[in-house]
4 protein chains.
Amino acid sequence: MTNFRSTKELSHTAVMIMLKAGVEHAEDMGQPQCIVIVDASGVTLGEIRMTGSKLLSLDTARAKAVTAASHGIPSGMIPDSVRLAVATATGGKGTGLPGGLPIRYDGILLGGIGVGSGAPDQDVAVACAALAAVGAEPI
Amino acid sequence: MTNFRSTKELSHTAVMIMLKAGVEHAEDMGQPQCIVIVDASGVTLGEIRMTGSKLLSLDTARAKAVTAASHGIPSGMIPDSVRLAVATATGGKGTGLPGGLPIRYDGILLGGIGVGSGAPDQDVAVACAALAAVGAEPI
Amino acid sequence: MTNFRSTKELSHTAVMIMLKAGVEHAEDMGQPQCIVIVDASGVTLGEIRMTGSKLLSLDTARAKAVTAASHGIPSGMIPDSVRLAVATATGGKGTGLPGGLPIRYDGILLGGIGVGSGAPDQDVAVACAALAAVGAEPI
Amino acid sequence: MTNFRSTKELSHTAVMIMLKAGVEHAEDMGQPQCIVIVDASGVTLGEIRMTGSKLLSLDTARAKAVTAASHGIPSGMIPDSVRLAVATATGGKGTGLPGGLPIRYDGILLGGIGVGSGAPDQDVAVACAALAAVGAEPI
């Protein structure tokens, strides 16, 4: 392998567009959400806690985003059999709660988005809306 | 949505009344308790660790209070299916242990109260007594 | 004092406007920034880490925001004589680094905004631009 | 030395009286305060964050209380020469900020009270009022 590889990364322009699209989708469905976007290293790029969302969902949304960025799969697809072991061994950063989606472009895993406060399908729908707004690969 | 929304908050006068009422109810039932009151952002407004209560219950009472303030429901109503996932993803701040109640007035979620050291019904009874003492909405 | 006090809070609409205005001001000056907005209890409402900003500035921006929300003054105005003591006693949450401004409306302290990655005057300028965008009281 | 020594401890009745007296003194002087009371092991027995007090002062008040309970002297008497070393080596629990007083009765060190949000003399005055309310030894 070459020493220095070309890759891609999310710009803050993309992060702002994703937050805005997520918020608008959440407003349209009438379910306030917490939305967290992390880079491929699991470090926060942007987040918003909507008025009326659940306070603790900022934490669960972050865990969902980090899990999706780490594993490259929706957080809800972490197998039941290892969820507790992963959650405890990662200090809570890894979770099987649904609502986290990987962010991919050109086949490259760029990070993850996690959404929390609604029902699982609402959380996933907001994450999908954010991915679509920047032309990231759908799940 | 408007930029600046009108809302309400608990005063320290209310917090002192709630602590006093909770302590008296706990004394009356002969079960020392830990009582924690948090605001709508989950930050402590007041707490008391009664003589003879369990040391660790100060932590569980805080988690119960934060959970109720976050979700707007009694902590014991967190669904069994997500309790462990929520607990790990929030660093232990979210809990399904009963004894945490939301504090509401005029339909506004102002925070939460968590009580721990007794049996579940004793914990809930102390929290209810504290809510009643300030005219907060009963559960 | 009455048990339940009327107050105001920042909506997520305001937080999104502040983040957008801050990012645009930072782009205009050619200095990428980390921007964090917290509520009156110091809990994050929104944040953005701009492309090219310093990684650690997300932490310093949060500390600046929390300090301004706590003390109701610009973080840079914490007296030199107590900066280190406040920083250590608060686990790093309190800081004297400039770039944190209180968010006030109608004379009510609603939270704080912290900006970090640039020179002090650049950080403060971005925070001011964000305050102006929502009609919060200028410093 | 005998294996099991007689000692004294603060009851929650005393803690409630101290919190109440501290709050009333703070109200009288028109300076909202954060007040924390800890036992001889530095573990919280009770605390109150008054409306309008500084958010971060809950942390500094706790550090002041723990320092006074540990050293048996007012927190402000920690020598300048070791303040930073003590603060960092204790993870911020030890502080030289004034406003922490030891709680003594019959010559026994029972814990500490820490007060923060006002000027140093205001913080100390509230702590003194709380000590006096339960007949603890004055400083």
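**Describing the relation of the copies chain B and chain D**
Then comes step 1: Superposing chain B onto chain D requires a rotation of 180° together with a translation of 0.1 Å along the rotation axis, leaving an RMSD of 0.1 Å. In symmetry terms, the pair is related by a two-fold rotation axis. For chain B, the minimum C-alpha distance to the rotation axis belongs to Glu47(B) and amounts to 2.6 Å.
Then comes step 2: Of all interface residues in chain B, 100% are interface residues in chain D too; the two copies therefore contact each other through one and the same surface.

**Structural notes on the interface of chain C and chain B**
Then comes step 1: Across the boundary between the two partners, chain C contributes 23 residues, which contact 23 residues of chain B.
Then comes step 2: Counting the surface lost from both chain C and chain B, the interface buries some 2,000 Å², and carbon and sulfur atoms represent 55% of this.
Then comes step 3: The largest contributions to the chain C side of the interface with chain B come from Asn3(C), Phe4(C) and Glu9(C), which together make up 35% of the buried area.
Then comes step 4: Inspection of the region where chain C meets chain B yields two salt bridges.
Then comes step 5: Its salt-bridge partner being Glu9(C), residue Arg5(B) comes within 3.1 Å of it at the nearest N-O pair.
Then comes step 6: At seven residues, the largest contribution of residues to the side of chain C that touches chain B is made by strand 1 (residues 4-10) of chain C.
Then comes step 7: Looking at side-chain class alone, the side of chain C that touches chain B contains 10 nonpolar, nine polar and four charged residues.
Then comes step 8: For strand 1 (residues 4-10) of chain B and strand 1 of chain C, the ladder comprises seven bridges, and the chain directions are antiparallel.

Basis of the calculations
- Residues numbered from 1 in each chain as written.
- Chains lettered and ligands numbered in written order.
- Predicted model: local features only at pLDDT ≥ 70, side-chain atom pairs only at ≥ 80, totals over all residues.
- Heavy atoms only, no water.
- Least-squares fit on C-alpha atoms with pLDDT ≥ 70 in both.
- Contact = heavy atoms within 4.5 Å.
- Buried area = accessible area lost by both parts, 1.4 Å probe.
- Salt bridge = Lys/Arg side-chain N within 4 Å of Asp/Glu carboxyl O.
- Helix = DSSP H or I, 4+ residues; strand = E, 2+ residues; numbered from the N terminus.
- Nonpolar A, V, L, I, M, F, W, Y, C, P; charged D, E, K, R; others polar.
- Pairing = 2+ DSSP bridges.

Function-wise, these values are silent; they only describe arrangement.
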